[in-house]
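Read off the chains here:
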Amino acid sequence: MGMIVEVETVDEDGDVLVAPPNFSMVEDCIYRSSLPQPPNFPFLQTLNLRSIIYLCPEPYPEENLEFLKSQNIRLFQFGIEGKTEVSLPILRDSIMEALKVLLDVRNHPVLIHCKRGKHRTGCVVGCFRKLQNWCLSSVFEEYQRYAGAKSRTADLTFIEMFDIISLRQCLYSIIYQYQGASKKRRLMYQGEPTQKPPRLTSF
């Protein structure tokens, strides 16, 4: 998972389908990329998306909103400033809320993106990988693969310090759901009941 791909395919009508820059599959039904442009819309249609997680504070482009409406895709926006000096509590809370959406299989297939699919998207995916019990060196390698020369030490520190235990405590009703013939273990968030959270098994 997590390989950057330059996707350009041809559909049945001979039209070229072009993926957004930095597009990749993170996990089954979870994708990442930069901000899609209109030429990318036909490719996005092939993903059968239910949701998009948008990590920028700027209004979503009108043409993108029209595309989402036409495809019945739900938009979740978390306005994280694209700066290294973002307040850590604000960043932590925004990432936490984005992960709640990401972990809910009712929102899948889902695309995560910021402007260029590097820093903010990389932080969300990095924290998700920690929840999957990836070793930190692999988490950092994946982040740096997308960030390239613009890798931010502050982002890597944030990912390293992100409290997965707090995330699990917030997601009181995470349950494992088995779907499909492979019966692959999946996570779903169903809200926050008042009862004590169940003990979670690691991936």
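Counting restarts for each chain, with residues numbered from 1 along the sequence as it is written. For this predicted model, a pLDDT threshold of at least 70 governs which residues receive local features, and a threshold of 80 or more governs which side-chain atom pairs are given and counted, while totals over whole chains, interfaces and linings are taken from all residues. Remark: hydrogens and water are excluded; side-chain values derive from all non-hydrogen atoms of the structure.

Undergrad: How should I be thinking about the nonpolar core in this particular structure?
TA: Across soluble globular proteins, nonpolar side chains show a tendency to be buried alongside one another. Each nonpolar core is a collection of buried residues, namely Ala, Val, Leu, Ile, Met, Phe, Trp, Tyr and Cys, held together in the definition by side-chain atoms within 4.5 Å. Categorising residues by exposure relies on relative accessible area from a 1.4 Å probe, with only protein chains included: less than 20% of the type maximum marks a residue as buried, more than 50% marks it as exposed, and the intermediate range marks it as partly exposed. If you look at the biggest cluster of nonpolar residues, it comprises 51 residues, and the most contacted ones within it are Ile 53, Leu 55, Ile 95 and Leu 102. A run of DSSP states H or I qualifies as a helix once it reaches four residues; a run of E qualifies as a strand once it reaches two. Both are numbered from the N-terminal end. A per-element tally of this core places helix α3 (residues 88-103) first, with 8 residues.

Undergrad: Explanation requested: the pairing of strand β4 (residues 30-33) in the structure shown.
TA: Consecutive side chains of a regular strand alternate in pointing toward one face of the sheet and then the other. Burial along β4 is two-sided: Ile 30 and Arg 32 and Tyr 31 and Ser 33, pointing in opposite directions, are all buried. In short, DSSP must find at least two bridges between two strands for them to pair. Of the strand pairs in this sheet, strand β3 (residues 24-27) and β4 are connected by 3 bridges, and their pairing is antiparallel. Across the sheet, residue Met 25 finds its bridge partner in β4, namely Tyr 31. The antiparallel hairpin formed by β3 and β4 contains 2 residues in its connecting segment, where Cys 29 sits at a positive phi of about 70°. As judged from the 4 bridges shared by β4 and strand β7 (residues 110-113), these two strands associate in the parallel manner. Residue pairing in the sheet places Arg 32 in a bridge with Ile 112 of β7.

Undergrad: It is not clear to me how the sheet that holds β7 should be interpreted in this structure. Could you clarify?
TA: Strand-to-strand pairing in sheets goes through backbone hydrogen bonds, with the strands running parallel or antiparallel. An order of β3-β4-β7-β5-β6 is seen for the 5 strands of this open sheet, with the pairing classed as mixed. On the outer flanks of this sheet lie β3 and β6 (74-77), each paired with one strand and no other. Going from strand to strand, the sheet's axes swing by 25° on average, the running direction of each strand aside. α3 contacts β4, β5 (51-54), β6 and β7 of the sheet and is inclined by roughly 165° relative to β5. For helices, the fitted axis covers only the stretch in contact; all axes are lines through C-alpha atoms, and the angles between them, taken along N-to-C directions, range from 0 to 180 degrees. The contact rule is simple, with two residues in contact once any of their heavy atoms fall within 4.5 Å.

Scope: geometric values only; no functional claims are made or implied.
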